[in-house]
Amino acid sequence: MKITADIIDPVAINGIGTSPLRKEDWPLVRGEGTFVADFKRPGMVHAFVVRSPLAHARFTSIDRTAVLASQGVLDVITAAELPDRGHKIPTRQFADEGSNRFLQRPLADGVVRYSGEPVAVVIADSRYRAEDAAELLDIDYERLEVVLEPDDAVAESAPLLQPDAGTNIAGRLLVEIGALDEAFAQADLVIKETFRIQRHAAVPLETRGLLAEYDTETESLTVWGAAKIPHVNRAILARMLGWSDESRVRMVELHVGGGFGARGEFYPEDFLIPFAAIRTGRPVAWVEDREENLRATNHSREQVHRVEMALKKDGTFLALKDSFINNTGAYVRTHGMTVPGLSVSMLPGPYKWPAYRGEFRSVVTNKTPGGTYRSPGRFEINFVRERLIDIAAHRLGIDTVDIRRRNLIDRASFPHDVGTLYDGHPVIYDSGDYELLLDKALAAFDYEGLKRWRREPATAGMRRGLGIGFFVEKAGPAEREYARVELNDRGDVVVYTGSASVGQGVETILAQVCVSHLGLPYDRVRVVHGDTAVIPEGMGAFGSRATMLGGAAVMRASEQLRKRLLDAAAEELEAAPADLMLTAAGVSVIGAPTRSVSLTNLLSASAGVITEEHRFVCDLLGFPYGIHFAAVEVDPASGAIHIHRYAVAYDIGRCVNPVLVGGQISGGFAQGIGGALLEEFSFDASGQPLSASFMDYLMPTSEEVPDVELLITEDAPSPLNPLGVKGAGEGGTAAVGAAIANAVSDALGTEVTRLPLSPQRVVELVGA
Amino acid sequence: MSRRIAVEINGRAVEGEVEPRLLLADFIRDNAGLTGTHLGCEHGVCGACTVQLDGHPVRSCLMFAVQAHGHRIATVEGMAPGDSSLHPLQQAFHECHALQCGFCTPGILMTMEAFLREEPDPTSERIRSALAGNLCRCTGYQNIITAVRLAADRLQNKGEAAVEAS
């Protein structure tokens with residue numbers, strides 16, 4: 001696809017490539033935002049979800065009597081109250097028949113499989129009273145043996161979470177490319193290593209929440225607090241309610257306090273709260289507390305990789321072989337198979353591998369179910385691959401930059417077919433110049449200077465190290481997006497998009513794309529998203545897709561609208577459309593402003609408003625790519641890691657708003673720091689979560705997150721969409737574990753093989 | 001067993017009949033209807049619920065409403081001087097892209113407003129340290145530190161106290 005040049009000067013109207021102030025900010029800084037917990041309806045009542053206190057147990061009865069008799073209680077819902085005792089929540093991507101045996105129902109029915117699993121819902125006139133009453137629910141739990149670790153889950157004697165399935169393996173996949181055995185036979189060096197990535201998660205600062213209201217007159221349901229994929233979740237909810245007409249459900253997104261992969265997927269509560277609203281006839285509100293959030297919202301990232309890499313002694317890569325286990329937790333959720341699917345398809349990264357064999361088993365265990373977290377599956381495999389490469393470089397005595405450069409995919413070989421699949425789509429790197437980015441980054445970040453710093457003596461026993469992580473990201477799954485652009489005769493523009501907001505600035509970005517192709521100023525544009533009543537379809541915001549697909553749809557609709565207006569004006573003014581200019585007042589002939597026609601006149605035939613819509617379709621993914629650089633000082637006595645400098649180079653094809661892209665990268669980097677150094681969901685031997693508060697689950701604060709240096713390049717625009725954009729949401733996170741672990745390995749002269757690099761683990765490494 | 005309390009919130013007298021166990025955060029949000037104060041953890045770590053009690057930042061999730069009886073409370077809604085203007089800190093956050101989802105922002109603004117009264121001319125390192133009690137999951141903090149520094153400059157040049165809406 002040809003990338004279309006902008007027709008309008010972007011600076012004058014805050015178009016693509018500029019950084020206007022965000023449209024979203026004003027209410028948010030004034031405390032006037034409407035997050036779901038801020039939204040109220042007349043007659044509203046409150047839900048509290050009763051959760052299993054045990055990681056694995058059987059129960060035969062739930063006694064609701066005392067709860068129902070409690071002050072303020074309207075209803076108690078258990079599996080017995082659900083139609084067919086509750087339908088299974090389907091997967092949304094990477095459908096796998098085997099994994100369907102492990103889907104979650106909204107409420108546990110006879111067996112609980114993780115601490116935090118919903119068992120009942122209490123509805124009361126206040127949240128305080130609902131929680132009080134929930135204490136009285138009597139359930140005759142009888143403990144079952146737990147299985148927690150991925151290796152234990154596949155052991156022959158392992159307790160089974162679903163005995164009928166006969167296994168804890170929920171899904172598996174094998175990818176084979178090239179002649180693996182021959183490649184290993186030719187190797188001068190084979191590296192064999194096991195890598196572990198710890199369980200951690202998105203943890204947006206706003207917990208999940210919903211408010212649902214049923215209108216008996218119209219038999220329709222409204223759900224506020226939808227996020228990420230409102231239209232997709234509407235379809236799932238309607239199906240689970242047994243409603244054939246999904247338009248009876250209206251999903252409304254309010255302000256969303258961060259998503260990062262976890263929020264907005266269809267969880268048990270996404271059925272239970274609407275169901276409670278229908279059952280009680282009252283608007284029902286539910287807001288998760290943090291303790292619930294850390295036990296119930298998707299976890300991610302827990303993988304064990306056993307890898308082998310074959311090389312020639314000059315550092316040329318011959319083959320890569322990986323067999324990993326992904327711990328998906330107690331049930332396969334909407335994205336249960338997505339994470340390992342992404343890991344296996346993207347492990348090859350930016351390098352040429354004559355042969356690759358990747359295989360995973362995704363297992364169920366008695367931990368919180370898993371799903372995606374920013375750069376899902378890739379944070380993990382970038383750590384594995386980039387660590388492996390450094391180990392090889394150390395063994396061969398080759399510089400860690402040189403060994404990468406030698407094996408990068410050549411600029412002449414794009415599009416590059418990796419040979420793997422992403423949810424049925426071939427992984428074809430759309431465009432790239434990896435060596436160019438490497439050269440630019442080494443110069444921009446003064447890598448030679450960093451090497452000198454590395455050699456200088458550090459103060460008092462500290463040890464210095466440098467690490468890099470080279471990665472390929474992906475952007476833009478879900479093959480289509482919808483946009484409608486509306487202009488009225490006062491010159492106001494409304495953009496309706498099927499993309500969603502998770503706080504990333506989608507209103508600002510789409511307004512910029514619109515004005516670049518419509519030609520009216522930024523402040524005339526309003527962006528509407530996340531309401532299924534006014535937007536007929538949409539795929540939402542995930543996987544760095546909103547700018548790529550949502551942006552392309554807005555661009556096309558804006559172009560169409562401009563063309564229609566100018567064609568109509570051309571006829572009126574007897575001039576060529578190319579000689580015309582559009583302003584908020586109307587259309588005039590360039591250089592002859594008196595020859596003009598007002599918007600009022602132009603739109604009089606269409607009641608003062610014209611509208612154009614576009615559905616942008618794109619079957620393939622875009623693949624941005626980047627490099628992380630970490631320079632660290634490690635204190636071998638305390639295990640503390642001080643980050644001296646951190647830098648990210650990222651080619652995103654085209655940058656719509658440099659300031660917002662910078663914000664995505666520095667925010668993503670902070671999350672990567674959490675994953676590399678701090679965050680870990682631990683469990684005791686009985687499966688009790690030990691990290692169910694922010695005192696135990698360590699989120700990075702301003703003291704742990706250093707400033708990050710950025711180099712954003714636009715050397716490889718995507719040929720897959722007319723904007724050339726690739727999405728920029730995840731590259732800040734993708735290689736933090738890789739780069740930090742490489743730097744710490746360099747500092748200590750020991751090979752790091754697991755994350756996070758907590759002080760305790762660093763001290764253990766020093767002693768090893 | 002509810003108790004009658006009277007507080008002043010953003011200069012307005014607010015009274016209420018409350019249970020002793022009602023959190024101050026819930027009183028502010030539900031009784032006074034000021035939902036700009038957000039609850040992020042309800043155990044005093046994240047700082048999203050920070051308000052000012054007699055000018056000092058406190059976590060409204062760690063106080064009961066009855067404890068605030070007779071005290072003066074300030075919340076984010078009281079920061080801007082008017083409907084079409086922003087406090088210099090709010091304006092600096094807007095200009096420096098110091099917020100993304102905006103959920104943590106009110107608590108950070110209340111913490112930083114008090115901090116700048118104590119320390120009108122802080123270094124970036126001092127700001128970083130003063131910010132460490134507030135979690136932000138979106139920004140990586142860098143732009144927040146820049147914004148606070150910008151606001152400090154503007155607040156010291158008093159001429160620019162409130163910035164009109166653009």
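Residues numbered from 1 in each chain as written. Chains lettered and ligands numbered in written order. Predicted model: local features only at pLDDT ≥ 70, side-chain atom pairs only at ≥ 80, totals over all residues. Heavy atoms only, no water.

> How should the overall build of chain A be read in this particular structure?
A tally of helices and strands in chain A yields 21 helices and 30 strands. In terms of overall size, chain A behaves like a compact globule, its C-alpha atoms giving a radius of gyration of 27 Å where 768 residues would be expected to give roughly 27 Å. Along the first, second and third principal axes, the C-alpha atoms of chain A reach 80 × 75 × 50 Å. Here chain A holds 768 residues, and 64% of them are scored as buried. In chain A, of all internal contacts separated by at least 6 residues, the share reaching a separation of at least 24 is 80%. (Helix = DSSP H or I, 4+ residues; strand = E, 2+ residues; numbered from the N terminus. Rg over C-alpha atoms; globule rule 2.2 N^0.38 Å. Buried < 20%, exposed > 50% of the residue type's maximum accessible area, 1.4 Å probe, protein only. Contact = heavy atoms within 4.5 Å.)

> I'm lost on the domain arrangement of chain B in this one. Help?
Much of the literature gives interface size as the accessible area that the parts lose upon coming together. Residues and elements named next belong to chain B. On domain assignment, one finds that chain B holds domain 1 (3–78) and domain 2 (85–164). On a C-alpha basis, the centroid separation for the pair domain 1 and domain 2 is 22 Å. Every contact between the two is made by 17 residues of domain 1 and, on the other side, 14 residues of domain 2. The contact between domain 1 and domain 2 buries some 1200 Å² in all, and 58% of this surface belongs to carbon and sulfur atoms. Looking only at domain 1, the three residues that lose the most surface to domain 2 are His38, Gln52 and Val76, adding up to 39% of its buried area. The interface formed by domain 1 and domain 2 contains 0 salt bridges. For the interface between domain 1 and domain 2, the tally reads 8 residue pairs in polar contact (both at pLDDT 80 or more). (Domains from an automatic or database assignment. Buried area = accessible area lost by both parts, 1.4 Å probe. Salt bridge = Lys/Arg side-chain N within 4 Å of Asp/Glu carboxyl O. Polar contact = N/O pair within 3.5 Å; in protein donor to acceptor, adjacent residues only side chain to side chain.)

> In this structure, what is going on with the nonpolar core? I would like to understand it.
Note on soluble globular proteins: their nonpolar side chains tend to be buried together. Of all hydrophobic cores here, the largest spans 165 residues; its most connected members are A:Met309, A:Tyr646, A:Ile740, A:Leu757 and B:Phe93. The contact partners of A:Met309, leaving out residues within four places of it in the chain, are A:Phe184, A:Leu189, A:Val190, A:Ile191, A:Phe317, A:Ala319, A:Leu320, A:Trp353, A:Leu388, A:Ile389 and A:Ala392. In this structure, A:Ile13, A:Leu487, A:Val493 and A:Val656 belong to the second largest nonpolar core, which totals 51 residues. (Core = buried A, V, L, I, M, F, W, Y, C linked by side-chain atoms within 4.5 Å.)

> I keep staring at the interface of chain A and chain B and nothing clicks. Help me out?
With 53 residues of chain A at the interface, the matching set in chain B holds 49 residues. For the pairing of chain A and chain B, the buried interface totals around 4300 Å² over both sides, and the portion due to carbon and sulfur atoms is 56%. Sorting the residues of chain A by area buried against chain B places A:Val29, A:Tyr128 and A:Leu205 first, and these three jointly supply 17% of that buried surface. Across the pair B:Asp30 and A:Lys40 runs a salt bridge whose closest N-O atoms are separated by 3.5 Å. Remark: the boundary between chain A and chain B carries 30 residue pairs in polar contact (both at pLDDT 80 or more). Breaking the side of chain A that touches chain B down by element, the ones donating at least two residues are α2 (25–29), α4 (127–134) and α18 (658–678) of chain A. The greatest single-element share of the side of chain A that touches chain B, amounting to 8 residues, is contributed by α18(A). Taken together, the residues of the side of chain A that touches chain B break down into 27 nonpolar, 13 polar and 13 charged. (Nonpolar A, V, L, I, M, F, W, Y, C, P; charged D, E, K, R; others polar.)

> Would you mind going over the layout of surface pockets with me for this structure?
Rolled over the atoms, a probe sized like a water molecule indicates the empty space that remains. Empty space within the largest pocket amounts to approximately 1200 Å³. Looking at the largest pocket, it is lined by 45 residues, and the ones nearest its centre are A:Arg127, A:Tyr128, B:Asp26, B:Asp30 and B:Glu42. Contributions of two or more residues to the lining of the largest pocket are made by β1 (45–51), α4, β11 (209–215), β14 (284–287) and α9 (290–296) of chain A together with β2 (12–18) and α1 (24–31) of chain B. Per-element accounting of the lining of the largest pocket gives the leading share, 5 residues, to α4(A). Here the residues of the lining of the largest pocket are counted per class, giving 19 nonpolar, 7 polar and 19 charged. In this structure, the second largest pocket encloses a volume near 510 Å³. Along its surface, the second largest pocket is lined by 22 residues, and A:His642, A:Glu703, A:Glu704, A:Val705 and A:Pro706 are the ones closest to its centre. The set of elements that each furnish at least two residues to the lining of the second largest pocket consists of β29 (641–651) and α18 of chain A together with α4 (124–131) and α5 (142–156) of chain B. Residues of the lining of the second largest pocket, tallied by class, amount to 10 nonpolar, 7 polar and 5 charged. (1 Å grid on protein atoms, 1.4 Å probe; cavity = no way out; pocket = protein on both sides within 12 Å on 5 of 7 lines; lining within 4 Å. Points joined across faces, edges and corners; volume = space filled by probe spheres on them.)

> Even after reading the chapter, I still don't get the sheet that holds strand β22 (residues 493–497) of chain A, so can you show me in this structure?
Hydrogen bonds between backbone atoms are what pair the strands of a sheet, whose relative direction is either parallel or antiparallel. Residue and element names in this part refer to chain A. Read across the sheet, 4 strands follow the order β23-β22-β21-β27 without closing on themselves; strand pairing throughout is mixed. Two strands in the sheet have a free side with no partner beyond their single neighbour: β23 (525–529) and β27 (609–617). Going from strand to strand, the sheet's axes swing by 20° on average, the running direction of each strand aside. As paired elements, β22 and β23 share 5 bridges and run parallel to each other. Residue pairing across strands places valine 495 opposite valine 527, the latter belonging to β23. Along the sheet, helix α15 (residues 506–518) makes contact with β21 (480–488), β22 and β23, crossing β23 at roughly 130°. Running over the sheet, helix α16 (residues 546–573) touches β21, β22 and β27 and is turned about 140° from β27. (Pairing = 2+ DSSP bridges. Axes fitted to C-alpha atoms, helices over the stretch in contact; angles between N-to-C directions.)

> How do you make sense of the packing of aromatic side chains when you look at a structure like this?
Any pair of aromatic rings gets described here by the distance separating the centres and the angle formed by the planes. All names here are of chain A. Taken as a whole, this structure holds 22 aromatic pairs over all chains when the rule is applied. Ring centres of tyrosine 351 and phenylalanine 470 lie 6.5 Å apart, and the angle between their planes is 70°; on these two criteria the pair is classed as edge-to-face. One end of the pair, tyrosine 351, is in the loop between α10 (338–346) and β17 (355–363); the other, phenylalanine 470, is in strand β20 (residues 463–472), and 119 residues separate them in sequence. When sorted by exposure, tyrosine 351 lands in the same class as phenylalanine 470, which is buried. Between the aromatic rings of phenylalanine 471 and tyrosine 650, the centroid separation amounts to 5.6 Å while the plane-to-plane angle is 45°, which identifies the pairing as tilted. (Phe/Tyr/Trp six-rings, centres within 6.5 Å; stacked < 30°, edge-to-face > 60°.)

> Quick question: what am I supposed to make of the domain arrangement of chain A here?
Residue and element names in this part refer to chain A. Considered domain by domain, chain A is made up of domain 1 (10–33 + 480–617), domain 2 (36–144 + 207–256 + 263–296) and domain 3 (363–474 + 623–767). Taking only C-alpha atoms into account, the centre of domain 1 sits 37 Å from that of domain 3. With 23 residues of domain 1 at the interface, the matching set in domain 3 holds 20 residues. When domain 1 packs against domain 3, the two sides together hide about 1600 Å² of surface, and 68% of this comes from carbon and sulfur. The largest share of the area that domain 1 buries against domain 3 comes from Ile16, Ser544 and Met548, three residues that together contribute 34% of it. Linking domain 1 to domain 3 there are 7 residue pairs in polar contact (both at pLDDT 80 or more). Of all elements in the fold, only α15 and α16 reach the threshold of two or more residues within the side of domain 1 that touches domain 3. Counting residues per element, the side of domain 1 that touches domain 3 draws most heavily on α16, at 6 residues. Counted by class, the side of domain 1 that touches domain 3 contains 8 nonpolar, 13 polar and 2 charged residues.

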